[in-house]
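# Observations on chain architecture
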Amino acid sequence: MATDDTIPITVEFSGGLELLFANQRKLTLSIPTYNENRTRSNIAFLVQHLCDNLMKDPRKDMFVLDGTVRPGILVLINEADWELEGEEKYEIQKGDNILFVSTLHGG
Amino acid sequence: MAPSLCAICATNRALILRPKDHSKLCKPCFVSVFETEIHHTITTNALFHRGEVIAIGASGGKDSTVLASVLKTLNERYDYGVELILLSIDEGIKGYRDDSLETVKRNALQYEMPLTILGYDELYGWTMDQVVEQVGKKGNCTYCGVFRRQALDRGAARLGVKHVVTGHNADDVAETVLMNLLRGDLPRLSRTTSIVTSTPSAVSSDPNSHTNIKRSKPLKYAYEKEIVLYAHHKNLDYFSTECIYSPEAFRGSARALIKNLERVRPSAILDVVRSGEDMAKLVPGSDEGCGGVCASAVAAAEEGEGGCGSSNGRTAGGEMASMEMHLAQNDLAAENGLEVEITSVPAKKGKKNKGQPPAPRKTTKQVMGQCKKCGYLSSQDVCKACVLLEGLNKNRPKHEIGVVDEAQEDSTSGVQGVTNGINKVNIQVD
């Protein structure tokens, strides 16, 4: 039962976003399978989860803006553009790799 | 959602959704299309010629890294016959540029290109760390921007290279177009939208002069999103950072606007670029107005100062002065039947043609001149870099920088403030 309560996933940050997550480029974590509303956890939930629980940097708006991933940050779900996968509504599956890559930072 | 197949090969799973036309592509097809489009940009604009040595302005960031990788690929695939080298500018900011330069050094090995790193200390006698120590954290972007603008040209001249390519992408250009629109600065549009700009050799017959460098932006039509995806899917080694002196500089409002527009309507970015080009054609004295053949002049001296690791430093500068120089040059060119370059005509000739309404004030001696101190193309007796340096060297800033009371990310208007101030003085003298 316990194993079905959570989904193991990998979350990666690059393009400068790792700076907001204590310079960690890769996180292995488990998120609840269902969120409070008894719906399957999706990308929107994951983003909120990352913000609330894993992001120590106070500059939340560099990751999330107006309740969604900040424009200019690309989200790849198992290497595919999240726009091909339903964006925030994509329901996270066991073993998924979610990559957030910023296009906003310079060289 | 069922996975969709690539629109080109119809075999592989689509991983990329192209912003410009919503097409869904797989990884290999995307890489191939992306490279082919850059090739198309290069050939249709005749950016390169065989035997040319081309310096890639390399910062270690995504844009210049992708540029170097793609140019190497294309040069081999299509046999351009050009020699590619890397040119990096070290502003002298510990903990910021150090890591990027390490990336550039790796790139040099990966792409087998010779690398030259030129420091502000070497060029100007001051590192940015020293400048900040002297002037403080506010306003230092002005120095960095002014110094950077000349640095690539100076570096290229030292290497005897006539052509510098930079990684400016479609998002950068769209952002600049918007900023100029929002400022009501149409004259500058033509220069910021040109794919090729070159400083004229008008001020010097010395072929090695650093005022005789061509600049081009092969990634001008490439989306930032695709550049990042290309780097990701090709596993390119690049470095992302923000300048430690201006950590939030990328949050320029024009940039945010562009990114918000892209979310709603992805084609908007290229549409803004194209609108910028079309508007530029309508501006008197624009490069585009004569099909981009006429003296592109002055542009390189005034653009590409994108400091702060992001692009919102790219739009400052002596717009009016440049415009005047440009107009004056067009007049001169018309008088002499020259199209591209003016070499030895006294600037005073520009005083004719007074009847023409769009040309405001004609040349004073310094308009088309060289900086008396360093020889760099300058509309003033002494170029901005030398003015700032003089201040630094006197142990205090000579000019109060306009940015001081403003938010750091607004530093571009600070530069403009200084420039306009100088222009005003000139007008009165006139």
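Residues numbered from 1 in each chain as written. Chains lettered and ligands numbered in written order. Predicted model: local features only at pLDDT ≥ 70, side-chain atom pairs only at ≥ 80, totals over all residues. Heavy atoms only, no water.

Going by an unreviewed UniProt entry, chain B carries the name Cytoplasmic tRNA 2-thiolation protein 1 and comes from Pleomassaria siparia CBS 279.74. The UniProt entry for chain B carries this comment under Pathway (unreviewed entry): "tRNA modification; 5-methoxycarbonylmethyl-2-thiouridine-tRNA biosynthesis." (UniProt positions renumbered as here; feature names shortened; annotations may be inferred.)

The name given to chain A in an unreviewed UniProt entry is Ubiquitin-related modifier 1, and the organism recorded there is Pleomassaria siparia CBS 279.74. Its UniProt record, at the heading Pathway (unreviewed entry), says of chain A: "tRNA modification; 5-methoxycarbonylmethyl-2-thiouridine-tRNA biosynthesis." The record in UniProt for chain A states the following under Subcellular location (unreviewed entry): "Cytoplasm".

What chain A contains, in helices and strands, is two helices and seven strands. The buried share among the 107 residues of chain A stands at 54%. For chain A, long-range pairs separated by at least 24 residues make up 59% of all intrachain contacts whose partners lie at least 6 apart in sequence. Accessible surface for chain A amounts to roughly 5,000 Å². Of this, 48% is attributable to carbon and sulfur atoms. (Helix = DSSP H or I, 4+ residues; strand = E, 2+ residues; numbered from the N terminus. Buried < 20%, exposed > 50% of the residue type's maximum accessible area, 1.4 Å probe, protein only. Contact = heavy atoms within 4.5 Å. Areas by Shrake-Rupley, 256 points an atom, 1.4 Å probe, with all protein chains shown as cover.)

All right, on to the overall build of chain B then. Within chain B one finds 15 helices and eight strands. Burial analysis of chain B (430 residues in total) assigns 61% to the buried set. Taking the intrachain contacts of chain B between residues at least 6 apart in sequence as the baseline, contacts between residues at least 24 apart amount to 72%. Put simply, chain B shows about 16,800 Å² of open surface, and 53% of that area lies on carbon and sulfur atoms.

This next bit is on the packing of aromatic side chains. Residue and element names in this part refer to chain A. Scanning the model with the defined rule gives 13 aromatic pairs over all chains in all. Centre to centre, the rings of F63 and F100 are 5.2 Å apart; their planes meet at 80°, and the pair counts as edge-to-face. One end of the pair, F63, is in the loop between α2 (43-54) and β3 (64-65); the other, F100, is in strand β7 (residues 97-102), with 37 residues separating them in the sequence. For the pair formed by F63 and F100, the shared burial category is buried. (Phe/Tyr/Trp six-rings, centres within 6.5 Å; stacked < 30°, edge-to-face > 60°.)

With that out of the way, let us pick up the nonpolar core. Buried together is how nonpolar side chains tend to be arranged in soluble globular proteins. Core analysis: the biggest nonpolar cluster contains 47 residues, and B:F34, B:F48 and B:I56 have the highest contact counts within it. Counting only elements with at least two residues in this core, the list comes to β5 (73-77) and β7 of chain A together with α1 (27-44), β3 (53-57), α2 (62-77), β4 (83-90), α3 (97-111) and α9 (224-233) of chain B. Both domains that furnish three or more residues to this core are identified here as domain 1 (1-34) and domain 2 (45-315) of chain B. Formed by 33 residues, the second largest nonpolar core is a distinct cluster that contains B:L87, B:M128, B:L152 and B:L388. (Core = buried A, V, L, I, M, F, W, Y, C linked by side-chain atoms within 4.5 Å. Domains from an automatic or database assignment.)

Residue and element names in this part refer to chain B. Under the criterion given, the structure shown has 31 salt bridges over all chains. Here D271 ties to R265 by a salt bridge, and the two come within 2.5 Å at their closest N and O atoms. Under the relative-accessibility criterion, R265 is labelled partly exposed at 47%. Two residues, E390 and K394, come together in a salt bridge whose shortest N-O distance is 3.4 Å. Accessibility expressed as a relative area gives 22% for E390, which makes it partly exposed. Among the ionic contacts, a cluster of salt bridges with common partners joins K62, D63, D171, E175, E224, R255 and K259. (Salt bridge = Lys/Arg side-chain N within 4 Å of Asp/Glu carboxyl O.)

Attention shifts here to the environment of B:R97. Assignment of secondary structure puts B:R97 in helix α3. A distance of 2.7 Å separates polar atoms of two side chains, one belonging to B:R97 and the other to B:E91. (Polar contact = N/O pair within 3.5 Å; in protein donor to acceptor, adjacent residues only side chain to side chain.)

Residue-level contacts link 31 residues of chain A with 34 residues of chain B. Buried surface at the junction of chain A and chain B, summed over both partners, amounts to about 2,700 Å²; 55% is from carbon and sulfur atoms. Inspection of the region where chain A meets chain B yields three salt bridges. B:R13 is paired through a salt bridge with A:E85; the nearest N and O atoms lie 2.9 Å apart. Across the contact surface, chain A and chain B share nine residue pairs in polar contact (both at pLDDT 80 or more). Elements that contribute at least two residues to the side of chain A that touches chain B include exactly β4 (68-69), β5, β6 (80-81) and β7 of chain A. (Buried area = accessible area lost by both parts, 1.4 Å probe.)

Moving on, we get to the sheet that holds strand β2 (residues 26-32) of chain A. Within a sheet, adjacent strands bond to each other through the backbone by hydrogen bonds, running parallel or antiparallel. The strand order across the open sheet built from five strands is β2-β1-β7-β5-β6 (chain A), with neighbouring strands paired in mixed fashion. Across the chains shown, the open sheet's two edge strands, defined by having one partner strand only, are β2 and β6 of chain A. Where β5(A) and β6(A) come together, two bridges link them in antiparallel fashion. The residue of β6(A) that forms the bridge with A:I77 is A:A80. The strands touched by α9(B) are β5, β6 and β7 of chain A; relative to β5(A), the strand with the most contacts, the crossing angle is about 45°. (Pairing = 2+ DSSP bridges. Axes fitted to C-alpha atoms, helices over the stretch in contact; angles between N-to-C directions.)

What follows is about the packing of helix α7 (residues 170-182) of chain B against helix α11 (residues 268-282) of chain B. Working note: a packed helix pair is described by the angle between its axes plus the distance between those axes. All names here are of chain B. Direction vectors running N to C along α7 and α11 enclose 55°, while the axes themselves pass 8 Å from each other. By the angle between their directions, the pair α7 and α11 is classed as oblique. Taken as a pair, α7 and α11 cross one another with a handedness that is left-handed. Across from A170, D171, V173, A174, V177, L178 and L181 in α7, the residues of α11 making contact are I269, L270, V272, V273, G276 and M279. Tallied by class, the residues present in the contact of α7 with α11 amount to 11 nonpolar, one polar and one charged. (Parallel < 35°, antiparallel > 145°, perpendicular 65-115°, else oblique. Left-handed = near helix turned anticlockwise from the far one by under 90°. Nonpolar A, V, L, I, M, F, W, Y, C, P; charged D, E, K, R; others polar.)

So, about the sheet that holds β3(B). Residues and elements named next belong to chain B. Pairing is mixed in the open sheet, where six strands are placed in the order β5-β4-β3-β6-β8-β7. Whereas interior strands pair on both sides, the edge strands pair on one side only; in this sheet they are β5 (115-119) and β7 (196-198). Strand-to-strand twist across the sheet, computed as the mean angle between neighbouring axes with direction ignored, equals 25°. One ladder, built from three bridges, connects strand β6 (residues 163-165) with strand β8 (residues 214-216); its direction is parallel. Looking across to β8, one finds that V164 is bridged to R215. Sitting on the sheet, α3 is in contact with β4 and β5, with an inclination near 170° to β4. Of the strands in this sheet, β3, β4, β5, β6 and β8 are in contact with helix α6 (residues 140-159), which crosses β4 at around 135°.

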